[in-house]
Amino acid sequence: MNLSRLNLNLLPGLKALLDTQSVSKAAQMMCVTQSAMSRTLAQLREALNDPILVRKGNRIYLSEKALSLHEDVNRVVSQASSIFENQQFDIATTQRHFRIASGHIVLERILPEVLQKIWAVAPGLTFELQAINPAVDVATGKLDLSIGYMGVQEEGLSSFSLMKDRMCLILCENHPLAHEPFSQEALQSFSFIVQRDNMNLHQQGEINSFLQSVQVKTWSPSLSVSLALIKGTDCVFLAPASLSMFMEDLSGYVIRECPKSIPEVSFNIVWPEYWDLNRAHRWMREFIRDELLEHIQSKELDMFVNESEVVQEEERSLSS
C-alpha cells in the first residue's frame, strides 16, 4: 500500500471512536462538531471497508474488526504523539487528558489531594476518574493508569509495585474473638461480611475456599459499607490488610490475622506500555506514585515492597 495516499489525519478520530464507541462522545474528545466526526466515521468506514460502529438493539458496539484494531491504534497514536510532544515538553504548559481507575478508598481519600497538587504544577492536565472494573482493560487503552491492580500482569502493560497486601479479619473491639487466640473452626460460629472487590479477583479461588467453611451474611460493595455492617455486631469482615492504611479512623475495630493463609499479592500501578516513553504520562504517573508511596510509608505498616525491589523497578523504568 502506498503510504503517501493514506490520510493519517484520520487516526486520532479512529482512536476517539474506538475509545468512546460513540460519535457524539468522540466529537467532544476531539473538540469538533458531531457532523465533522460523522464525516470522519464515513471516511474511516470506506478506508477500512468496515462499519466500525454497529447497532444491536438500542446500543452501539464496536465491530469485530474495530475491536481487533483497538490496541494497535492506541499504540500507534500514542507513540506518534509522543515523538512531537516530548520535543516541546513543559509540564507547566502541557495539556493532556488522562483516564485513571482505582478502588473507592483511594479515589475518595487520596487522589483528590494528589490531583490538587498536580494542578498547582500542571494546570493543563485533566482527568477522568472511575472505579476499577474488570470489564475495563488497561491494555486496550480504555484506561491510562490503574491504581491498585493486583494479580498476574497482562501482556502489553508496564507496572510499578507499591506494596504487598493480604487478607485479614476485621471485628468490633467487643467481639468474642477480638483479643483471644482462635482457630478457623471457631469462625464457623459467626457470620461474615465479604466485599465484592474487583481488585482482588485473582485471589477469588483462595477466598472462595475459605468462605466455604463459614457463613456469609452479606456481600458488600465497599470498605465503608462493610465496616458499618459489622459495627455493634458479632459479624466478621474479611478485608484487605491495607484497610488500616486508607481508613482514617478504625477506632472501635480490631484487625486479626486470617487463620487460613490466603496468598499475599502486590498492589500495583499499571499502564499501557506504549505510554512508557511519553514524558507527560511519565511525569503524571511518577508524581502519583511518589505521593502514594509517601502515604503508604507514613503508616509504618509491614506491607511495603522492600527497598531493593523499588530500586530495581526504577532502574527498569529508566532503562526503558
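Computed from a predicted structure; not experimentally measured.

J.: Give me the side chain of Arg99: which residues, what numbers.
T.: Within the element layout of this structure, Arg99 appears in strand E3 (residues 96–102). Excluding anything up to four places from it in sequence, Arg99 contacts Lys15, Asp19, Glu128, Gly141, Lys142, Leu143, Asp144 and Leu145.

J.: Lay out the nonpolar core in plain terms, naming residues and giving numbers.
T.: Counting 31 residues, the largest nonpolar core has Ile118, Ile147 and Ile288 as the members making the most contacts within it. When residues of this core are traced back to their parent elements, those giving at least two are E3, helix H5 (104–109), helix H6 (111–121), strand E4 (125–131), strand E5 (145–149), strand E6 (157–165), strand E12 (265–272) and helix H10 (279–298). Ranked by residues supplied to this core, first place goes to H10 with seven residues.

J.: Residues and numbers for the pairing of E6, please.
T.: Of all the nine residues making up E6, seven are buried; the element is thus mostly covered by neighbouring parts of the structure. Sheet analysis places E6 next to E12, joined by eight bridges and oriented antiparallel. When the bridges of E12 are listed, Ser158 appears paired with Trp271.

J.: Help me get a handle on helix H8 (residues 223–230), residues and values and all.
T.: Residues Leu223, Ser226, Leu227 and Ile230 constitute the buried set of H8. Buried residues of H8 fall within an arc of 100° about the axis and therefore sit on the same side. Positive backbone phi, at 75°, marks Gly232, one or two positions downstream of H8.

J.: An account of unusual backbone geometry is needed here, citing residue identities and associated values.
T.: Even without glycine at this site, Gln21 takes up a positive phi of about 55°. Non-glycine residue Cys31 carries a positive phi angle of around 60°. Positionally, Cys31 belongs in the loop between helix H2 (23–30) and helix H3 (34–48).

J.: Talk me through a nonpolar patch on the surface; I want residue IDs and the actual numbers.
T.: Where nonpolar side chains cluster on the molecular surface, the patch consists of Met29, Met30 and Val32 and spans about 220 Å² of accessible area. Among the structural elements, Met29 can be located in helix H2.

J.: Lay out the side chain of Asp144 in plain terms, naming residues and giving numbers.
T.: Here Asp144 lies in the loop between E4 and E5. In terms of polar contacts, Asp144 uses its side chain to reach the side chain of Trp275, at 3.2 Å. Ignoring any residue separated from it by four or fewer positions in sequence, one finds Asp144 in contact with His97, Phe98, Arg99, Val270, Trp271, Pro272, Trp275 and His281.

J.: Help me get a handle on the pattern of salt bridges, residues and values and all.
T.: For the structure shown, the criterion picks out eight salt bridges. With a closest N to O distance of 3.0 Å, Lys15 and Asp19 form a salt bridge. Placement of both Lys15 and Asp19 in helix H1 (residues 10–20) is noted, with a separation of four residues, approximately one turn of the helix. No difference in accessibility class separates Lys15 from Asp19, as the two residues are buried.

J.: Describe H1, listing the residues and the values that go with them.
T.: Among the eleven residues of H1, nine are classified as buried, and the element is accordingly described as predominantly covered. Every buried residue of H1 is accounted for by Leu10, Gly13, Leu14, Lys15, Ala16, Leu17, Leu18, Asp19 and Thr20. Positive phi shows up at Gln21, right after H1, with a value of about 55°.

J.: Please provide a residue-by-residue account of the packing of aromatic side chains, values included.
T.: Evaluated as defined, the whole model comprises six aromatic pairs. Summarising the aromatic geometry, the rings of Phe98 and Phe127 are spaced 6.3 Å apart at their centres and angled 40° between planes, so their arrangement reads as tilted. Within this pair, whereas Phe98 is found in strand E3, its partner Phe127 is found in strand E4, the two being separated by 29 residues in sequence. Assigned by exposure class, Phe98 and Phe127 land together as buried.

J.: Explain the sheet that holds E3 residue by residue, including any values.
T.: Spatially, five strands are ordered E4-E3-E5-E12-E6 in an open sheet, and the strand pairing comes out mixed. Every interior strand has two partners, whereas the edge strands, E4 and E6, have only one. This sheet shows a mean twist of 15° between the axes of neighbouring strands, independent of strand direction. Lying over the sheet, H6 contacts E3, E4 and E5, oriented at roughly 170° with respect to E4. Running at roughly 5° to E6, H10 makes contact with E3, E4, E5, E6 and E12 of the sheet.

J.: I'd love a proper account of the sheet that holds strand E10 (residues 236–240), names of residues and values included.
T.: Sheets are built from strands paired through backbone hydrogen bonds, the pairs being either parallel or antiparallel. Read from one edge of the open sheet, five strands run E9-E8-E10-E7-E11, paired in mixed fashion. Looking at strand neighbours, the two that pair on one side only are strand E9 (215–220) and strand E11 (253–257), the edges of this open sheet. Pairs of neighbouring strands in the sheet enclose a mean axial angle of 35°, with direction left out of account. As paired strands, strand E7 (residues 167–172) and E10 are joined by four bridges and run antiparallel to one another. Among the inter-strand pairings, Cys168 is bridged to a residue of E10, identified as Ala239. Relative to the sheet, H8 contacts E7, strand E8 (191–195), E9, E10 and E11, its axis offset from that of E10 by approximately 155°.

The rules we used
- Residues numbered from 1 in each chain as written.
- Predicted model: local features only at pLDDT ≥ 70, side-chain atom pairs only at ≥ 80, totals over all residues.
- Heavy atoms only, no water.
- Helix = DSSP H or I, 4+ residues; strand = E, 2+ residues; numbered from the N terminus.
- Contact = heavy atoms within 4.5 Å.
- Core = buried A, V, L, I, M, F, W, Y, C linked by side-chain atoms within 4.5 Å.
- Buried < 20%, exposed > 50% of the residue type's maximum accessible area, 1.4 Å probe, protein only.
- Pairing = 2+ DSSP bridges.
- Arc of directions from axis to C-beta.
- Patch = residues over 30% accessible without salt bridge, like charges linked within 9 Å, V, L, I, M, F, W, Y side chains within 5 Å.
- Areas by Shrake-Rupley, 256 points an atom, 1.4 Å probe, with all protein chains shown as cover.
- Salt bridge = Lys/Arg side-chain N within 4 Å of Asp/Glu carboxyl O.
- Polar contact = N/O pair within 3.5 Å; in protein donor to acceptor, adjacent residues only side chain to side chain.
- Phe/Tyr/Trp six-rings, centres within 6.5 Å; stacked < 30°, edge-to-face > 60°.
- Axes fitted to C-alpha atoms, helices over the stretch in contact; angles between N-to-C directions.

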